[in-house]
Amino acid sequence: ALTVESNLNFGGNFDLRVTGNVDGNGLISLGNGTLDIKGNFTTTTLNGGTGTVILDGNSIQDISGKTFYNLTINNTAGGVRLLGDVTVTDTLNIINGCIDLNGHSLFAPTIIGVNPPIAKCNVFYTAEVGTGGNVTISATDIDSASTVGCGAPILSLNKPLFTCADRGNQAV
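Residues numbered from 1 in each chain as written. Predicted model: local features only at pLDDT ≥ 70, side-chain atom pairs only at ≥ 80, totals over all residues. Heavy atoms only, no water.

J.: Whenever I open this one, the overall build of the protein confuses me. Can you help?
T.: Across its full length, the protein holds 1 helix and 17 strands. Relative to its length of 172 residues, the protein is extended, with a C-alpha radius of gyration of 20 Å against a globular reference of 16 Å. Projecting the C-alpha coordinates of the protein onto the three principal axes gives extents of approximately 60 × 30 × 25 Å. Taking all 172 residues of the protein together, 32% fall into the buried category. Taking contacts inside the protein between residues at least 6 apart in sequence as the whole, the part at least 24 apart equals 11%. For the protein, the exposed surface amounts to about 9600 Å²; the carbon and sulfur share of it is 50%. (Helix = DSSP H or I, 4+ residues; strand = E, 2+ residues; numbered from the N terminus. Rg over C-alpha atoms; globule rule 2.2 N^0.38 Å. Buried < 20%, exposed > 50% of the residue type's maximum accessible area, 1.4 Å probe, protein only. Contact = heavy atoms within 4.5 Å. Areas by Shrake-Rupley, 256 points an atom, 1.4 Å probe, with all protein chains shown as cover.)

Here's what the structure looks like:
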């Protein structure tokens, strides 16, 4: 286990493996090294630098909301559960395990993995405006069997409400 109550700075290349939890109220600055964690990662602040955090536990791992540069999930027994919003600024690599959003958001511009998510939408969907002059559609109206590696896909639309002024083809 590693408890950080102040600043823990890693400069340059390094590899640190923690067999227990990483927690505390301090700041971890990674530089460009690798932090490999077997337990939960609930430290409140992370400066990911250009480093990689690897979560490779053998039970569900909790991670508090933070920003990572690279995040690899290789959890063979259930995956990772978010305790806050998570941003990955470079690459999220999912080797094993699922991510339980637990009501939080996850953003990553690049996701690689064994079973990457596949978004499939109906090319054409027609909705008729009701007597009130508007219509609301849902993501399931235009979904065409989107998949994720585990669990159910989380679907959303940028624009679910349309009025008579939106007549014609519209992006959602």
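J.: Please explain the pattern of salt bridges as it appears in this structure.
T.: Opposite charge on two side chains permits pairing when their charged atoms draw close. Under the definition given, this model contains 4 salt bridges. Put simply, aspartate 36 and arginine 17 hold a salt bridge, and the shortest N to O gap is 2.5 Å. Of this pair, aspartate 36 sits in strand β6 (residues 34-37) while arginine 17 is found in strand β3 (residues 15-18), placing the two residues 19 residues apart along the sequence. For aspartate 36, a relative accessible area of 12% translates into the label buried. (Salt bridge = Lys/Arg side-chain N within 4 Å of Asp/Glu carboxyl O.)

J.: Looking at this model, I keep getting lost on the packing of aromatic side chains. Mind explaining?
T.: Remark: the centre distance and the inter-plane angle together describe each pair of aromatic rings, the angle taken between the planes. Taken as a whole, this structure holds 1 aromatic pair when the rule is applied. In this structure, lysine 66 is placed above the aromatic ring of phenylalanine 41, and the distance from its NZ or CZ to the ring centre is 4.5 Å. (Phe/Tyr/Trp six-rings, centres within 6.5 Å; stacked < 30°, edge-to-face > 60°. Lys NZ or Arg CZ within 6 Å of the ring centre and 35° of its normal.)

J.: Where do I start with the sheet that holds strand β9 (residues 61-63) in this structure?
T.: Strand pairing in a sheet is mediated by backbone hydrogen bonds. Such pairs are either parallel or antiparallel. Here we have 3 strands laid out as an open sheet, ordered β9-β11-β13, and parallel in their pairing. The open sheet has two free edges, formed respectively by β9 and β13 (99-100), since each of these has just one partner strand. Where β9 meets strand β11 (residues 80-82), 3 bridges bridge the pair, whose relative direction is parallel. Paired with isoleucine 63 across the strands is leucine 82, a residue of β11. (Pairing = 2+ DSSP bridges.)

J.: It is not clear to me how the nonpolar core should be interpreted in this structure. Could you clarify?
T.: Most often, soluble globular proteins keep nonpolar side chains buried together rather than apart. Counting 23 residues, the largest nonpolar core has Phe41, Val53 and Phe68 as its most contacted members. Elements that contribute at least two residues to this core include exactly β6, β8 (52-55), β10 (66-74), β11 and β12 (86-96). In this structure phenylalanine 68 touches Phe41, Leu46, Val53, Ile63, Val86, Thr87, Val88 and Thr89, once residues within four positions along its chain are discounted. Listed in part, the 6 residues of the second largest apolar core include Val135, Ala139, Ile142 and Leu157. (Core = buried A, V, L, I, M, F, W, Y, C linked by side-chain atoms within 4.5 Å.)

J.: Just checking my understanding: could you explain the side chain of threonine 91 for this structure?
T.: Secondary-structure assignment places threonine 91 in strand β12. Among all residues touching threonine 91, those that are not within four sequence positions of it are Tyr69, Asn70, Leu71, Thr110 and Ile112.

J.: How should the environment of asparagine 96 be read in this particular structure?
T.: Take asparagine 96: it is sitting in strand β12. Separated by 13 residues in sequence, asparagine 96 and leucine 83 have C-alpha atoms that sit 20 Å apart. Filtering out sequence-adjacent residues up to four positions away, asparagine 96 remains in contact with Ile73, Asn74, Asn75 and Thr76.

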